[in-house]
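Commentary on secondary and tertiary structure
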Number of protein chains: 4
Amino acid sequence: MRIRAFNYPTSGPADVSQLRQALDEGRYRAEDVLCVIGKTEGNGGRNDFTRELAMTALEHLLGPRLGLAPERVQDRVIFSFSGGTEGVVTPHMVVFVREPAPAPARPGLKRLAMGIGYTRAFRPEEIGRMPQVLETARAVREVAEGLQLESLADVHLVQMKGAIPASTFAEAEAARKAGRELRSDMVHSRGASALGVALALGEVPEARLSDDVICRDWSLYSGVASCSAKPGLERTEVLVLANSPAWGGELQVAHGVLEDMLDTRTIRDVAEQLGMRVTVPPDPKEAQKLVGVFAKSEADPRGSIRGQRHTMLTDDDISDTRYSRCVLSSVLASVLGETRVYVSTRAEHHGPLGGGTLALVARVGEP
Amino acid sequence: MRIRAFNYPTSGPADVSQLRQALDEGRYRAEDVLCVIGKTEGNGGRNDFTRELAMTALEHLLGPRLGLAPERVQDRVIFSFSGGTEGVVTPHMVVFVREPAPAPARPGLKRLAMGIGYTRAFRPEEIGRMPQVLETARAVREVAEGLQLESLADVHLVQMKGAIPASTFAEAEAARKAGRELRSDMVHSRGASALGVALALGEVPEARLSDDVICRDWSLYSGVASCSAKPGLERTEVLVLANSPAWGGELQVAHGVLEDMLDTRTIRDVAEQLGMRVTVPPDPKEAQKLVGVFAKSEADPRGSIRGQRHTMLTDDDISDTRYSRCVLSSVLASVLGETRVYVSTRAEHHGPLGGGTLALVARVGEP
Amino acid sequence: MRIRAFNYPTSGPADVSQLRQALDEGRYRAEDVLCVIGKTEGNGGRNDFTRELAMTALEHLLGPRLGLAPERVQDRVIFSFSGGTEGVVTPHMVVFVREPAPAPARPGLKRLAMGIGYTRAFRPEEIGRMPQVLETARAVREVAEGLQLESLADVHLVQMKGAIPASTFAEAEAARKAGRELRSDMVHSRGASALGVALALGEVPEARLSDDVICRDWSLYSGVASCSAKPGLERTEVLVLANSPAWGGELQVAHGVLEDMLDTRTIRDVAEQLGMRVTVPPDPKEAQKLVGVFAKSEADPRGSIRGQRHTMLTDDDISDTRYSRCVLSSVLASVLGETRVYVSTRAEHHGPLGGGTLALVARVGEP
Amino acid sequence: MRIRAFNYPTSGPADVSQLRQALDEGRYRAEDVLCVIGKTEGNGGRNDFTRELAMTALEHLLGPRLGLAPERVQDRVIFSFSGGTEGVVTPHMVVFVREPAPAPARPGLKRLAMGIGYTRAFRPEEIGRMPQVLETARAVREVAEGLQLESLADVHLVQMKGAIPASTFAEAEAARKAGRELRSDMVHSRGASALGVALALGEVPEARLSDDVICRDWSLYSGVASCSAKPGLERTEVLVLANSPAWGGELQVAHGVLEDMLDTRTIRDVAEQLGMRVTVPPDPKEAQKLVGVFAKSEADPRGSIRGQRHTMLTDDDISDTRYSRCVLSSVLASVLGETRVYVSTRAEHHGPLGGGTLALVARVGEP
């Protein structure tokens, strides 16, 4: 197998014209589209309907070509849209296509391998607690096992849309009175998803995990997770990117852990792992090797960065999520020379407090 | 003479504690404080009262020490506060002190020289038109002449707070009916101020200037201006930073023109002019040389950057001014390793469309 | 003919479940749906994609039932969605159905009559100038003539979505240099649409109209217009609500001109014209007669209301459009006892400066 | 004693010109100024510096006249400024003056009596728990006892600025690990303040109060509290408004409990208790009797109002606090005919869930 990836800028959330054209011209087949990851120009919050608009457009495009009703498309293709193209970010979508390919000519070389999976459906009271962590870990391992990896260390990005099953105001009050306040919010769902990845990949041993550490003990984290959470979603969607000796193609993925949002050292290191040269200013030829830039941002909850105060968390006009995406996107774009970057926020248990995860996918040549 | 500069982080807009302590400890004298340039954590817009709060605190601190009523302090010391510390910016103030100093030991070497001045008071109908340009140019030249420069090419930053005399709704309607719609808004005041600088320094010849080109012909610009505009202000305040062979001290200023907000090449070039080394990541030792980072940002009005669409201008929830400051501040902080950066926006006739001006002040050693 | 109207609250912009159920149950036919007017929970600005999401859902619902491709539905049914459900407003849609009906039993009595129409396509340079006014007036008259009215005074609401044909930055610059700056923005499109209505209905004589008065002379206005404007729309969509002796049904429409956003006297008067009693607090039985509340709001551009300063226009964090919709919606809801109100903003040439138009549709019984 | 009250519109947060003029003209004495309650045009959140600006201006005005250093003025005069003049609200301040007066001619009649007081300083761990409730109750009773009331039922408004002593990120983490998570936030401080009032006045019996019910059991509330909370404030400031047979003057206070933000019935009832007539539209003569309108607003946390969905809590661009203030202010202004209204938000344990408290102060004539 091999993965090909296409990074399309969009003119609006519902713009699927480049994907339509590629399918019409037979550049790849609808059946082979594995997932679409994209940034839309919403606020990234609860009232961000740009993601729904993008997914609706994709469902209506792909449904007929897959012989599926529009509302069934997401059972087969993962859509991972994140709102918020603050600053210089280009709204865009990356289409990942998984195709049959001859075995690599030089088998020692690893190339990008991808797989998707799902957890079982969760109940509201499981979210943000160990049941979510354990089931997430199981699903991640299941997907990774299908990719014929040499080692779990070859997993570089686990992109997830975490479950937040619906619950009512009355249910929430009841749980509160029972002393087990619901954690079925975005913060806890993201945190438990990330710890599930950390457990699956051996980044954190199971013995250190419990309900109490979730969104509390920030020394525990995954360096490859990128988790969002969606109110109303019953099961978590899992997408694993790794490098496998059994896969062909010209792509590789690499990752690093950002210490904070100005950590250009890690950005440089990850790019260099993929054979890119990093200079000031960036060389446009190097930037053309990139097909995907995926990162998690966080306004440091301690209110400072590198020892100096920041004001992202005390601004009641603009959410810190918008600021932190804007900051990290700007830094990534200036270092890498590419504005089609996917930064989502926040980053509970994704790297150290105030930091986040970073994964790059780039062309490194056929093996 | 010589300039010394002190860059103080603040805990809030009214925090003048470090300046108070410095004065109390006799590190410099209130009489020698030439100007205070700072960033406060407001929105940078019309309802940003953090600037007023900062200036009130400074007036009440300096007034008694200067033997002046608080409301008279600004006749003697220039306060240039800009709201908006989006992203990683540290709210801070830079205090510039002008003191007698022995003539430089090696007279060929130039060091930072600064002077302040004022235009005459403007009438509303002059704003954004040639009278503002011409009078601004006159005031800039007057200040520059006092600095014993070798050449006007040694002027690297003209910081201005531009006049916008008050006018009523009725006056505005009357002007509109007379076919000479008032331009006494921030956009035109900033634009005319910048062209005034360009004229004063020979960047644009007078023959190319007219009412018609102001905020119209974007090929005309200054590379050293940094102009804000303040409703209610009757005269423009002018602050000139240059390098002079007649001045001592350990500071120099350099500038460059940003082609766009991701222009790390120019950031590097300006830093290198001051003898700094620029690496990825930045060396903290180099960052410590900086005492001031001053830039103008602009969300490109054509709606794209480097050929890709951006969404800063079509977002009706968050002003493009906040985005562009956040972007450029993040890029400056990541390249220079310093979060105490002063970025103000917008940048009409400050560099090319979508670009801006950049000036750095750094310690280069005694001459 | 007769009009029936159904006011459905929605659970989100894409929620068309109540309309689907009504069609499935045969309460009315898709062929008879004349228009759908609704409020969605976006920001009402340029980046409000909730309207597109709502219309996409309607297109996919109605297309198959009308035998039309989704993208052709709006040639047949008018969708008028306005973003912004600030405060207590219930997101909702009003479905207007036009059906054959026996002639009214008592022919003197007038009942709600509705018709739709379109202007020709506009060029960018026509927008905000007389060509838009004249063609809009023509289209309004054409629709009104089809309703068998006794008099044009029986027209109480002209709901329009105004054209703003796309133009490029370069075209805009060219027009500017040619001394005919483009007015193809929302402000001017709305203003010219409203004056087109005023001309059609005799509220303003043609002799008083010219390019110069558009968005200048605020003494000229329509009392029945409700115009939005949509970038990218080439022709203006027109919807006329009037009372006609030739139509049956149980509905009537009435209108008034709001002097300002606190004008409860006019709200009361319009309700009383439809036979409703207005008390403090409102009687829920009276509120049940209402099927549609349509108004235009405006933060008074002079910066005051009833002689006191307001701060809606100097707030750079929140648009005045959101404030004024919130204010008028709250006042309407508290006086009428109904939170399903449709308030759109701004109101250039819709009532006097700082005021707006108001139309109510209510059940008055079969004639 | 008697209270006189003066309601001054302001041109900006620092505008104290009308108060200065009144003092200069001897209309009342600085020594008699008991408190100043005002609305400023900030966002009402953590980064609202308009309150600090207003209070700084008042300190510098009153300090010299009281023979106090500016920073000592608030030990003697209570300043209660609330940010947020959304919609039609006029930024304003109400100055309450307490002066010696002859005993009322007709002793049965009650007139407005006011007193101020303070709690002891709190530790962070006491906030939002019973120690705050009990000490607040003690302070309220102490103030009320000084007013020579016939009954505690004559207390109609307890305006408080609640303590939130500073704590560090590390302290908060430590408390969390100890199983007693800090509640030293605005929500819990306001809630405990309100329950303190409820306890003091017998609205809720002590037996029903415990740490567990605070911000949990919403059936417990005060109908006369109006509490804000201020990070950094160590003790709570208390201001009591009541009607006393021992006081003279021409003012009275009355209150009611708003069931929700559209509760015009209660607004009418409270106004009528003060002898005002409420009509649609309001009679300007009646409005002139008012000297203060004080209310607490709340976006119903259940997400609906009167059975219909609202979107105030799912909007990530604009805080529900701004919406709810805008709604209730608009309703109050339209019913009472007065835009100088003081609405603060949120309303934990101030009236039922989704409701709030309302107090009016009006001229009823000398006793």
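Residues numbered from 1 in each chain as written. Chains lettered and ligands numbered in written order. Predicted model: local features only at pLDDT ≥ 70, side-chain atom pairs only at ≥ 80, totals over all residues. Heavy atoms only, no water.

1. A word on the relation of the copies chain A and chain C
By a simple turn and slide, chain A fits onto chain C: the slide is 0.0 Å along the axis, the RMSD is 0.0 Å, and the turn is 180 degrees. Here the transformation between the copies is reduced to the relation of a two-fold axis. Of the C-alpha atoms belonging to chain A, the one lying closest to the rotation axis is found on L53 of chain A, 2.9 Å away. A symmetric contact is evident, with 100% of the interface residues of chain A recurring at the interface of chain C. (Least-squares fit on C-alpha atoms with pLDDT ≥ 70 in both. Contact = heavy atoms within 4.5 Å.)

2. As for the domain arrangement of chain A
All names here are of chain A. When cut into domains, chain A gives domain 1 (2–99), domain 2 (111–241) and domain 3 (250–363). Taking only C-alpha atoms, the centre of domain 2 and the centre of domain 3 are 22 Å apart. Contact with domain 2, which involves 27 residues of that partner, is made by 23 residues of domain 3. Both sides of the domain 2 and domain 3 interface together cover about 2000 Å² of buried area, and 61% of this is carbon and sulfur. Connecting domain 2 to domain 3 are one salt bridge. Where E348 meets R190, a salt bridge forms, and the shortest distance between an N and an O atom there is 2.8 Å. Counting residues per element, the ones that place at least two in the side of domain 2 that touches domain 3 are β5 (111–118), β6 (155–164), α5 (186–200) and β7 (225–231). (Domains from an automatic or database assignment. Buried area = accessible area lost by both parts, 1.4 Å probe. Salt bridge = Lys/Arg side-chain N within 4 Å of Asp/Glu carboxyl O. Helix = DSSP H or I, 4+ residues; strand = E, 2+ residues; numbered from the N terminus.)

3. Here we look at the interface of chain A and chain C
On the chain C side, the residues contacting the 10 residues of chain A number 10 residues. Surface buried jointly by chain A and chain C totals about 910 Å² across both partners, of which 73% is contributed by carbon and sulfur atoms. Three residues, F49, L53 and H60 of chain A, lead the burial of chain A against chain C; their summed loss comes to 52% of the area buried on that side. For the interface between chain A and chain C, the tally reads zero salt bridges. If you look at where chain A meets chain C, you find one residue pair in polar contact (both at pLDDT 80 or more). Taken together, the residues of the side of chain A that touches chain C break down into four nonpolar, three polar and three charged. (Polar contact = N/O pair within 3.5 Å; in protein donor to acceptor, adjacent residues only side chain to side chain. Nonpolar A, V, L, I, M, F, W, Y, C, P; charged D, E, K, R; others polar.)

4. Points about the interface of chain C and chain D
Counting residues at the interface gives 39 residues for chain C and 39 residues for chain D. Across the chain C to chain D interface the summed buried area is about 3300 Å²; carbon plus sulfur atoms make up 60%. At the boundary of chain C with chain D, the tally comes to four salt bridges. D315 of chain C is the partner of R322 of chain D in a salt bridge, and the nearest nitrogen-oxygen pair spans 3.6 Å. At the boundary of chain C with chain D, the tally comes to 10 residue pairs in polar contact (both at pLDDT 80 or more). Sorting the residues of the side of chain C that touches chain D by element identifies α6 (264–273), β12 (308–309) and α8 (320–336) of chain C as the ones contributing at least two each. Element by element, the count of residues in the side of chain C that touches chain D is highest for α8 of chain C, at eight residues. Residue composition of the side of chain C that touches chain D, grouped by class: 17 nonpolar, 13 polar and nine charged.

5. Some thoughts on the pairing of β5 of chain A
Residue and element names in this part refer to chain A. For β5, the tally of buried residues reaches seven of eight residues, placing the bulk of the element in the interior. Pairing geometry for β5 and strand β8 (residues 237–244), over eight bridges, is antiparallel. Within β8, the residue paired with G115 across the bridge is V240. (Buried < 20%, exposed > 50% of the residue type's maximum accessible area, 1.4 Å probe, protein only. Pairing = 2+ DSSP bridges.)

6. What about the sheet that holds strand β8 (residues 237–244) of chain C?
Residue and element names in this part refer to chain C. Taken in spatial order, the four strands of this open sheet run β5-β8-β6-β7, and their pairing is mixed. At either margin of the open sheet sits one strand with a lone partner, and together these are β5 (111–118) and β7 (225–231). With direction set aside, neighbouring strand axes in the sheet form an average angle of 15 degrees. Taken strand by strand, helix α5 (residues 186–200) contacts β6 (155–164) and β7, and its axis lies near 145 degrees from that of β7. (Axes fitted to C-alpha atoms, helices over the stretch in contact; angles between N-to-C directions.)

7. Description of the confidence of the model for chain A
Averaged over all residues, the pLDDT of chain A equals 96, while 100% of them reach at least 70. Of the two predicted TM-score estimates for the complex, the pTM is 0.96 and the ipTM is 0.96. (pLDDT = per-residue confidence, 0-100.)

8. Some remarks on the relation of the copies chain C and chain D
Superposing chain C onto chain D takes a rotation of 180 degrees plus a shift of 0.0 Å along the axis, which leaves an RMSD of 0.0 Å. A share of 100% of the interface residues of chain C reappears at the interface of chain D, consistent with the copies meeting face to face through the same patch.

9. What to know about the sheet that holds strand β6 (residues 155–164) of chain B
All names here are of chain B. Taking strand neighbours across the sheet as the criterion, the four strands line up as β5-β8-β6-β7 in an open arrangement whose pairing is mixed. Either end of the sheet is taken by a strand with one partner, and the two such strands are β5 (111–118) and β7 (225–231). The sheet shows a mean angle of 15 degrees between the axes of neighbouring strands, direction not considered. The strands touched by helix α5 (residues 186–200) within the sheet are β6 and β7, with β7 carrying the most contacts at an inclination of about 145 degrees.

10. Here we look at the side chain of S329 of chain A
Residues and elements named next belong to chain A. On the secondary structure map, S329 appears in helix α8 (residues 320–336). By relative accessible area, S329 is classed as buried at 4%. Sequence-distant contacts of S329, that is, excluding residues within four places in its chain, are made with V89, V341 and V343.

11. Remarks on the pattern of salt bridges
Going through the model one piece at a time under the given rule, you end up with 140 salt bridges over all chains. In this structure, E250 of chain C engages R363 of chain C in a salt bridge whose closest nitrogen and oxygen atoms are separated by 3.5 Å. Here R363 of chain C lies in strand β14 (residues 356–363) and E250 of chain C lies in the loop between β8 and β9 (251–258), a separation of 113 residues in the sequence. On the basis of relative accessible area, E250 of chain C is assigned to the partly exposed category, the value being 31%. Residues participating in the shared-partner salt-bridge network are E86, R322 and R325 of chain A, D315 of chain B together with D317 of chain D.

12. Considerations on the state of the cysteines
Residues and elements named next belong to chain B. Counted by the stated rule, this structure contains zero disulfides over all chains. Between C215, a free cysteine, and C227, which holds the nearest cysteine sulfur, the sulfur-to-sulfur gap is 11 Å. Given a relative accessible area of 5%, C215 falls into the buried group. (Disulfide = S-S within 2.5 Å.)

13. So, the environment of V155 of chain A
Residues and elements named next belong to chain A. Position of V155 among the secondary structure elements: in strand β6. V155 sits 37 residues away from A192 along the chain, and the two C-alpha atoms are 19 Å apart. In contact with V155, other than residues within four places in its own chain, are A144, L149, L201, V224, V240, L241, A242 and H255.

14. Digging into the side chain of K39 of chain D
Residues and elements named next belong to chain D. Among the structural elements, K39 can be located in strand β2 (residues 33–40). No salt bridge is formed by the buried K39; the nearest opposite charge belongs to E86, separated by 5.4 Å. A polar contact is formed between the side chain of K39 and the backbone oxygen of G83, at a distance of 3.3 Å. Looking at K39, its side chain comes within polar contact range of the main-chain oxygen of G84, at 3.1 Å. If we ignore the near neighbours within four places in the chain, the residues touching K39 are F81, S82, G83, G84, T85, P91, H92, R325, V341, Y342, V343 and S344. (Lys, Arg positive; Asp, Glu negative; His and termini not counted.)

15. Considerations on the packing of aromatic side chains
Residues and elements named next belong to chain A. Inspection of every chain in the model, using the stated rule, returns 16 aromatic pairs over all chains. Taken together, a centroid distance of 6.4 Å and an interplanar angle of 35 degrees make the contact between F96 and F294 tilted. One end of the pair, F96, is in strand β4 (residues 92–99); the other, F294, is in strand β10 (residues 290–297), and 198 residues separate them in sequence. Following the ring pairs from residue to residue traces out a cluster consisting of F6, Y8 and Y28. Here K39 stacks its cationic end above the ring of Y342, 5.5 Å away from the centre of that ring. (Phe/Tyr/Trp six-rings, centres within 6.5 Å; stacked < 30°, edge-to-face > 60°. Lys NZ or Arg CZ within 6 Å of the ring centre and 35° of its normal.)

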